[in-house]
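The primary structure of each chain is shown beneath.
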Amino acid sequence: MRRQIPLIITFFIGTLLVVSVFIPPMESLKETFTLYFDIIAVFAFFLGGGNLLRVHLTKLSRRKQDWVYSIVTVVGFAVVLVIGLLKLGNPGGITASPTAEGSLFQTLFNSILVPLGSTMYALLAFFVASASYRAFRAKNREATILLIAAFVILLGRTPFGMMLTSWIPESFSILQIPSLAVWIMNSPNLAGQRAIMIGIGLGVVSMSIRIILGIERTYLGEEK
Amino acid sequence: MDAIGLWIGAFLTLGIISFLYKDNPWYKLSEAIFVGVSAGYWFITLFWDSIYSKFYIGITDKGDYYLIVGAILGFLMLLRLVPKIGWISRWPLSFIVGAISGFYLINYFSSNVMRQVANTVMPLFSTEYGQSLFTAPIGTIVANIIVAGGTFTGLVYFFFSKEHKGAFGVTARIGIWVIMITFGATFGYTVMSRMSLLIGRMDFIFGDWLGLIK
Amino acid sequence: MNQIIKRRVITRLSSIVIIKILFLSLPVVAEQLIPTIDDSVEAFIPAPPAEVIATDAVYDQGGAVHLEWQLSPDDDGSAGVYNYQICRQQEGTDEYIPIDSVLAGVSSYIDETVEPGRSYQYIVAVNGDCGSAPSEASNVVTPNIEWLNFGLSNLFVIGLIICGSVIYFIAHAKRGKKLFIRRIAGLEAVDEAIGRATEMGRPILFVPGILDMDDVQTIAALTILGRVSRVVADYDTKISVPVSRSLVMTAARETLKASYMAAGRPDAYSDDMASYITDEQFGYVAAVDGKMVREKPATCFLLGAFFAESLILAETGNSIGAIQIAGTARPAQLPFFVAACDFTLIGEELFAASAYLSGEPKQMGSLKGQDVGKGIAMIIILLGVIATTFGNAWNISLLRRIADFLRTLFEVG
């Protein structure tokens, strides 16, 4: 029974949603389920957040390596929870939006999370450089093709690309880097995108069927 | 307050950047702050948005009692904490997985498969009806052949149930080349925007914080 | 001295003269300022819109009415016409109530505030500079609930064929028929990658993307985790699954636990294998990056939905010399995985991975089924392109009709 109920739920709900697309009165089912999902996700956070606390408190109590930083994480987490739940330092009081302009909660976001997030994001500039270098030592034909296409597009987006090939006569303008870049974006790029998308579509169809029929059930913890 | 915020921002920015050199206490501190504060921030945002605005207000103001089902499923999720009946938490999980599978099955099929196939059914020599043969410029013809042919060969590459050998193998190989050009295009297209992110952070450090550039 | 007095007197005199002139001319100016009323000109009220037609929206749950009308003849882009006011009378009431307005030049409206089964009638009034002019009342319309969306019948039929072929091949394989599935390099490498971690005595890192369980890629990632952890449990290697969503943590734990049970080693399982870090995208990345450089996993799996962080994670993994197997269905992130990882599962391969790794005939059958879908797509593209190209080139109407048919067959509302 323990084994069967989850599979029955998946089958029933999955089939219901597939069918609902073709039945207009069931159109709103999707939105209802999205709402359910949002609510479940908050409940689940008690497990996730609880786990976060447990991991760091264990680290702290056992004085594991780097336990000092666990204090920072736990304190940061707790402080934000208190400020956010009680809406401390919110000019509009308890009824205002938690992210109201000028609230302590939003100030924390602006002065801590924004710089941290955008710097982490900015590290990509370095990683893009190192990945480009790696691609540069192209190991095989596929990597070389990737690199050439990337190079043309990159140059095509800079004035340098124009300068480099402006000598090419107008009748062969397709060979000028900026137009070549546009051409790559519109033709082979489009073709590749389509093939990938069609493949993904079919892959999702096939996987969904396996899940709905209960053939794929690893995620449920029911390995045969 | 603004000045303190600026200094904190600069301190954390440099802490993250220091990771590029190697893992160090400054980065560990920034990371610890990031994890703790952001986990709390997300929970609070989700709490007020989902539990308060959608669930509580939905029930009390709009009388949407069906939302209670969501809360029940959420509650069942928490039963994991009770070892004896923890297995019940698989019910909401299978509910979610079933719903997502059902929804995406049709969604991806119509947007990814049907629409893309319909878009690829196009004339090679001209893009409009009524044009006679070869009136389209040669560039357009080549481009159209590549779009249709590239999509076709790309699909051949994804075939699972046939060995990539002989003519089929050659087609599949052309397919992977087309896909690699696609990847290259995306790669090249993104490089510049990533550089501008870094410029943005440098602007914060040298402009907003140190005031060296205006 | 005299000179100076003389000059002052002249200045004063001249200013008096100027003021006097101004005063005298005032009534003339004032007269010019007051507009004269010409009785022959009438206030501009635009001509009313005509032929208001209300129709029940097709294939819906009776919640919408389409309105169309002919623009007021005066609505020609000149400034005199402001907008159209839409008024509705509901069955059983005796007055028209304004429900919405649209800008000048717009000749249609969808009323989505109707209830199925009730009758409605509409008037559209044009608003101009000096007044408004109502149209005649529209026909009476009663929106109905439709139980089937026939507008999607092509989606239904083609969907049925493709889903049917997947199910057919699953059943086919179940009966013991042998099916060939080609090698997928990235998946062939899984065993080897796990073996490497075991030999080196280092952990395996599995990142199931950064989205929640409501994304199909996360589910795909977890199904792969099920296969990977089954081998990991056999080898007794350490595995770590940091996640950015609480629900994913719960599902990942279920998956891991089952694998360890199946391997006959439930005692080796621990909840600590999967842990939640933070929902915040880059906060999660910061922590996983830190984890990578500190724990130095020998193998990294980056499978699921990734955004900009794809390259941050892949490059950090690269810097510690880990074997990396990545995969996502987000075309924008695939190039970065291809550049920085050893093996990349491209789109469809991510969804096929779990079936492939399972080695079960039923699962393999589903892969064969999705190939039928690809085959159909390829045939339609080939036929459609040939038909439309030659149909256009030599003006053959039969070919053009075939091409149109194929295109509309695959076009979804």
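Since the structure is predicted, the reported quantities are computational estimates derived from the model, not experimental observations. (Residues numbered from 1 in each chain as written. Chains lettered and ligands numbered in written order. Predicted model: local features only at pLDDT ≥ 70, side-chain atom pairs only at ≥ 80, totals over all residues. Heavy atoms only, no water.)

Moving on to the overall build of chain C. The number of helices and strands found in chain C is 11 helices and 13 strands. Evaluated residue by residue, chain C yields a buried proportion of 53% over its 413 residues. Counting only carbon and sulfur atoms, one obtains 59% of the accessible surface of chain C, whose full area is about 18,800 Å². (Helix = DSSP H or I, 4+ residues; strand = E, 2+ residues; numbered from the N terminus. Buried < 20%, exposed > 50% of the residue type's maximum accessible area, 1.4 Å probe, protein only. Areas by Shrake-Rupley, 256 points an atom, 1.4 Å probe, with all protein chains shown as cover.)

All right, on to the side chain of Asn189 of chain A then. Examined against the element boundaries, Asn189 of chain A turns out to sit in helix 9 (residues 188-212). On the basis of relative accessible area, Asn189 of chain A is assigned to the buried category, the value being 8%. With near-sequence residues (within four places) excluded, Asn189 of chain A lies in contact with Ile184 of chain A together with Thr182, Ala185 and Thr186 of chain B. (Contact = heavy atoms within 4.5 Å.)

So, about the layout of surface pockets. Empty space within the largest pocket amounts to approximately 1,200 Å³. Considering the residues around the largest pocket, the lining is formed by 38 residues, among which Val55 and Lys59 of chain A together with Ser275, Lys291 and Glu295 of chain C are closest to the centre. Considering every element that reaches the lining of the largest pocket, the biggest residue donor is helix 2 (residues 29-61) of chain A, with six residues. Space inside the second largest pocket adds up to approximately 880 Å³. Contributing elements (two or more residues each) for the lining of the second largest pocket: helix 5 (124-136) and helix 6 (141-156) of chain A, helix 6 (166-209) of chain B together with helix 3 (185-200), helix 8 (334-340) and strand 13 (343-346) of chain C. Looking at the lining of the second largest pocket element by element, the count peaks at five residues for helix 6 of chain B. Here the residues of the lining of the second largest pocket sort into 15 nonpolar, five polar and nine charged. (1 Å grid on protein atoms, 1.4 Å probe; cavity = no way out; pocket = protein on both sides within 12 Å on 5 of 7 lines; lining within 4 Å. Points joined across faces, edges and corners; volume = space filled by probe spheres on them. Nonpolar A, V, L, I, M, F, W, Y, C, P; charged D, E, K, R; others polar.)

Residue and element names in this part refer to chain C. Read across the sheet, three strands follow the order 1-2-5 without closing on themselves; strand pairing throughout is antiparallel. Edge positions in the sheet fall to strand 1 (50-56) and strand 5 (108-111), since each of these pairs with one other strand and no more. Along the sheet, successive strands turn relative to each other by an average axial angle of 20°, direction set aside. As judged from the five bridges shared by strand 1 and strand 2 (residues 65-70), these two strands associate in the antiparallel manner. Residue Ala54 lies in a different strand from strand 2, and its bridge partner there is Leu67. (Pairing = 2+ DSSP bridges. Axes fitted to C-alpha atoms, helices over the stretch in contact; angles between N-to-C directions.)

Counting residues at the interface gives 73 residues for chain C, matched by 61 residues for chain B. Taken over both partners, the interface formed by chain C and chain B buries close to 6,100 Å², and the fraction arising from carbon and sulfur atoms is 72%. For chain C, the biggest contributors to the area lost against chain B are Arg182, Met378 and Ile381 of chain C; these three give 11% of the whole. At the boundary of chain C with chain B, the tally comes to four salt bridges. A salt bridge links Arg294 of chain C to Glu31 of chain B, with the nearest nitrogen and oxygen atoms 2.7 Å apart. Those elements that place two or more of their residues in the side of chain C that touches chain B are helix 2 (153-174), helix 4 (216-235), helix 5 (246-262), helix 6 (281-295), helix 8, helix 9 (348-358), helix 10 (361-393) and helix 11 (397-410) of chain C. Among the elements that make up the side of chain C that touches chain B, the one with the highest residue count is helix 10 of chain C (17 residues). (Buried area = accessible area lost by both parts, 1.4 Å probe. Salt bridge = Lys/Arg side-chain N within 4 Å of Asp/Glu carboxyl O.)

Time to look at the interface of chain B and chain A. With 102 residues of chain B at the contact, the number on the chain A side is 103 residues. Both faces considered, chain B and chain A share a buried interface measuring about 9,800 Å² in area, 82% of it formed by carbon and sulfur atoms. In this structure, the connection of chain B to chain A is made through two salt bridges. Seen at the junction of chain B and chain A, the total is 17 residue pairs in polar contact (both at pLDDT 80 or more). Counting residues per element, the side of chain B that touches chain A draws most heavily on helix 2 (residues 25-60) of chain B, which supplies 25 residues. A breakdown of the residues in the side of chain B that touches chain A according to their chemical character gives 68 nonpolar, 27 polar and seven charged. (Polar contact = N/O pair within 3.5 Å; in protein donor to acceptor, adjacent residues only side chain to side chain.)

This part covers the sheet that holds strand 9 (residues 239-243) of chain C. Residues and elements named next belong to chain C. Pairing is parallel across the open sheet formed by six strands, whose spatial order is 10-9-8-11-12-13. Among the strands making up the open sheet, the edge pair consists of strand 10 (274-276) and strand 13. Going across the sheet, the axis of each strand differs from the next one's by a mean of 15°, ignoring polarity. As paired strands, strand 8 (residues 204-207) and strand 9 are joined by two bridges and run parallel to one another. Bridge assignment links Leu205 to a residue of strand 9, and that residue is Ser240.

Let us now look at the packing of aromatic side chains. Inspection of the entire model under this criterion finds 31 aromatic pairs over all chains. On the numbers, 5.7 Å between centres and 20° between planes, the contact of Tyr52 of chain B with Tyr56 of chain B is stacked. Of this pair, Tyr52 of chain B and Tyr56 of chain B both sit in helix 2, separated by four residues, roughly a single helical turn. Among the residues examined, Tyr56 of chain B registers a relative accessible area of 45% and is labelled partly exposed. Three or more aromatic residues link up through ring pairs in this structure, and these residues are Phe45, Phe46 and Phe77 of chain A, Phe43, Phe47, Trp48, Tyr52 and Tyr56 of chain B together with Tyr276 of chain C. If you follow Arg157 of chain A out to its NZ or CZ, it ends over the ring of Tyr189 of chain B, 4.1 Å from the centre. (Phe/Tyr/Trp six-rings, centres within 6.5 Å; stacked < 30°, edge-to-face > 60°. Lys NZ or Arg CZ within 6 Å of the ring centre and 35° of its normal.)

Attention shifts here to the environment of Tyr52 of chain B. The partly exposed category is assigned to Tyr52 of chain B, whose relative accessible area is 36%. Those residues in contact with Tyr52 of chain B, other than ones at most four positions away along the chain, are Phe47 and Ile57 of chain B.

Before going further, it helps to spend a moment on the domain arrangement of chain A. Residues and elements named next belong to chain A. For chain A, the domain assignment lists domain 1 (4-86) and domain 2 (125-220). The straight-line distance from the C-alpha centre of domain 1 to that of domain 2 is 35 Å. Between domain 1 and domain 2, the residue contacts involve seven residues of the former and seven residues of the latter. Interface of domain 1 and domain 2: buried area, both sides summed, is about 500 Å²; carbon and sulfur atoms make up 80% of it. Inspection of the region where domain 1 meets domain 2 yields zero salt bridges. Our count for the contact surface shared by domain 1 and domain 2 stands at zero residue pairs in polar contact (both at pLDDT 80 or more). Here the residues of the side of domain 1 that touches domain 2 are counted per class, giving four nonpolar, three polar and no charged. (Domains from an automatic or database assignment.)

Here the focus is the packing of helix 5 of chain A against helix 7 (residues 309-319) of chain C. Contact geometry for helix 5 of chain A and helix 7 of chain C: axes closest at 9 Å, N-to-C directions at 60°. When the interaxial angle is binned, helix 5 of chain A and helix 7 of chain C end up oblique. Helix-helix and strand crossings are classified by hand; for helix 5 of chain A and helix 7 of chain C the assignment is left-handed. Where helix 5 of chain A approaches helix 7 of chain C, its residues Leu124, Phe127, Val128, Ser130, Ala131 and Arg134 of chain A are matched on the opposing element by Leu311, Ile312, Glu315, Thr316 and Asn318 of chain C. Across the contact of helix 5 of chain A with helix 7 of chain C, the residue classes break down as six nonpolar, three polar and two charged. (Parallel < 35°, antiparallel > 145°, perpendicular 65-115°, else oblique. Left-handed = near helix turned anticlockwise from the far one by under 90°.)

Attention now moves to the pairing of strand 9 of chain C. Residues and elements named next belong to chain C. The buried fraction of strand 9 amounts to five of the five residues, a majority that puts the element mostly inside the structure. By the alternation rule, side chains of strand 9 split into Ile239, Val241 and Val243 and Ser240 and Pro242, which are all buried. Tracing the backbone out of strand 8, into helix 4 and back to the parallel element strand 9 gives a crossover that is right-handed. For the crossover that starts at strand 9, traverses helix 5 and ends in the parallel strand 10, the hand is right-handed. (Right-handed = clockwise from strand over helix to strand, strands pointing away.)

Residue and element names in this part refer to chain C. Looking at where Lys257 falls in the secondary structure, it is placed in helix 5. On the accessibility criterion, Lys257 (38% relative accessible area) is partly exposed. In sequence terms Lys257 and Val412 are 155 residues apart; their C-alpha atoms lie 42 Å from each other.

Its 14 residues place the ends of helix 11 of chain C 20 Å apart at the C-alpha level, agreeing with the 20 Å of an ideal helix rising 1.5 Å per residue. Every buried residue of helix 11 of chain C is listed here: Ala403, Leu406, Arg407 and Phe410 of chain C. What you see down the axis of helix 11 of chain C is that its buried residues fit within an arc of 95°, all on one side. Projecting away from the buried face of helix 11 of chain C at angles above 90 degrees are the exposed residues Leu398, Arg401 and Phe405 of chain C. The inward-facing, buried residues of helix 11 of chain C abut helix 4 (90-120) of chain B together with helix 2 and helix 10 of chain C. (Expected span 1.5 Å × (residues − 1). Arc of directions from axis to C-beta.)

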